[in-house]
Structure formats: C-alpha cells, structure tokens
Amino acid sequence: MSRRTVILVRHAEAGPPGAGQGDIGRSLTRRGRAQADQLGRWLAQRKEIAELPVSVSPARRTRETADRALAGWHHGAVATDERLWNASLGMLLELLGDAPGDRLLIGHNPGLEQLHRAWTGMLMPVSVGSAHVLELDADGRARAMDRFQPSFEGD
C-alpha cells in the first residue's frame, strides 16, 4: 500500500429525534448547520481535495453535513455507504480496505475516534463538526497532519 490521506469528519450537531423518528433520521440543529458551513469553508481551502471521493453514512445528519460542507467547491464522487452507520473500528477498516486511495469519510463516533486512535496511537476527541486529516504510510502507520474544530460563536 502506498501513502494515502484519509480525512475523518464527524457530522455536525444534530437535534433529538422527532416523534416516531429513529436516531438515523435526526437532522442538524441551527448550530449544526453553522458548524457544517464552517467545516465547508475550511475544507474548501484545501484545493487538493476538491475531487476526493467522499463516503457518507446514510444518517440524515451526516448527509446534511455533507450537503452543506461540500457545496460549491467539491467536484468528486459522493456516495452513501450503509457500512458507515454506527460503524465499528473493524467495519471502518474493512470499508477503507475496500476503497484504496485518498478518501473523506463523514460518519459517527465512537468508530471515528477508535480509528484515529488505532492509526495514530493518540486518543483524540472527534467532536461534532470536526475534521481530522491523517496521512498513512506504506506500513499503515498514520500521522495526524491537520484538524478543524468549529467555533461556537453566536450561541
């Protein structure tokens, strides 16, 4: 395996489920929409990822995060991957093994934090609306290259 970049994104803040709505149907709050917009501005500055393939959990909050964060600058493929819904570390490793090359994942905790720790050896919170850029070497070791954390201004 050659060097690859994987960007881990946790969905922005979501509200509680509505009546009769399961966890998968939770939508972004006003603050979550602002977080996704901030994330999009940060990602858009990284011109090298404009065509990066994106895998998104089928949960409404991850799809809404993707729609807002990728709008206007991202030109690569965006695919919903059922395996990202509440994915375990093992499932995330399988998914990334099936999809070689650079990739952006928009998913959930605790799987994203577990993947970050497994690859880097660092326990790093992957909070709502955040992004973590990891670079993996040919031996599967990762370095944390950059990260984004949304501000909570205006709340």
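First, a word on scope: everything that follows refers to the structure included in this document. What you see is a predicted model; the values in this text were computed from it and never measured.

## So, the pattern of salt bridges
Right, so step 1: Taken as a whole, this structure holds 14 salt bridges when the rule is applied.
Right, so step 2: E64 is the partner of R60 in a salt bridge, and the nearest nitrogen-oxygen pair spans 2.9 Å. Of this pair, R60 and E64 are both found in helix α2 (residues 60-70), four residues apart, which corresponds to roughly one turn of the helix.
Right, so step 3: When its relative accessible area of 35% is taken as the criterion, R60 is described as partly exposed.
Right, so step 4: Each of D81, R83, E94 and D98 takes part in one network of salt bridges that share partners.

## Section: the sheet that holds strand β2 (residues 54-56)
Right, so step 1: Pairing is mixed in the open sheet, where six strands are placed in the order β3-β2-β4-β1-β5-β6. Both edges of this open sheet fall to β3 (78-80) and β6 (142-148), since each of them pairs with a single strand only. Here the average twist between neighbouring strands, direction ignored, is 20°.
Right, so step 2: In terms of strand pairing, β2 meets strand β4 (residues 103-107) through three bridges, oriented parallel. Bridge assignment links V54 to a residue of β4, and that residue is L104.
Right, so step 3: Strands β1 (4-10), β4, β5 (131-136) and β6 of the sheet are contacted by helix α4 (residues 111-120), whose axis makes an angle of about 150° with β1.

## A few points about unusual backbone geometry
Right, so step 1: Of the consecutive residues N109 and P110, the connecting peptide bond is found in the cis state with omega at 10°.
Right, so step 2: As for its placement among the helices and strands, P110 is situated in the loop between β4 and α4.
Right, so step 3: Positive phi is not limited to glycine here, since N86 has a value of about 50°.
Right, so step 4: With respect to the secondary-structure elements, N86 resides in the loop between β3 and α3 (89-98).
Right, so step 5: Owing to a relative accessible area of 47%, N86 belongs among the partly exposed residues under this scheme.

## Description of the nonpolar core
Right, so step 1: If you look at the biggest cluster of nonpolar residues, it comprises 19 residues, and the most contacted ones within it are I7, V9, L39, L43, L104, I106 and A131.
Right, so step 2: Those elements that place two or more of their residues in this core are β1, α1 (30-44), β2, α2, β4 and β5.
Right, so step 3: Apart from residues no more than four positions distant in its own chain, L39 is found in contact with V9, T65, A69, G129, A131 and F148.
Right, so step 4: Judged by nonpolar contacts, the second largest core, of 15 residues, contains L92, L95, L96 and L112.

Conventions adopted
- Residues numbered from 1 in each chain as written.
- Predicted model: local features only at pLDDT ≥ 70, side-chain atom pairs only at ≥ 80, totals over all residues.
- Heavy atoms only, no water.
- Salt bridge = Lys/Arg side-chain N within 4 Å of Asp/Glu carboxyl O.
- Helix = DSSP H or I, 4+ residues; strand = E, 2+ residues; numbered from the N terminus.
- Buried < 20%, exposed > 50% of the residue type's maximum accessible area, 1.4 Å probe, protein only.
- Pairing = 2+ DSSP bridges.
- Axes fitted to C-alpha atoms, helices over the stretch in contact; angles between N-to-C directions.
- Contact = heavy atoms within 4.5 Å.
- Core = buried A, V, L, I, M, F, W, Y, C linked by side-chain atoms within 4.5 Å.

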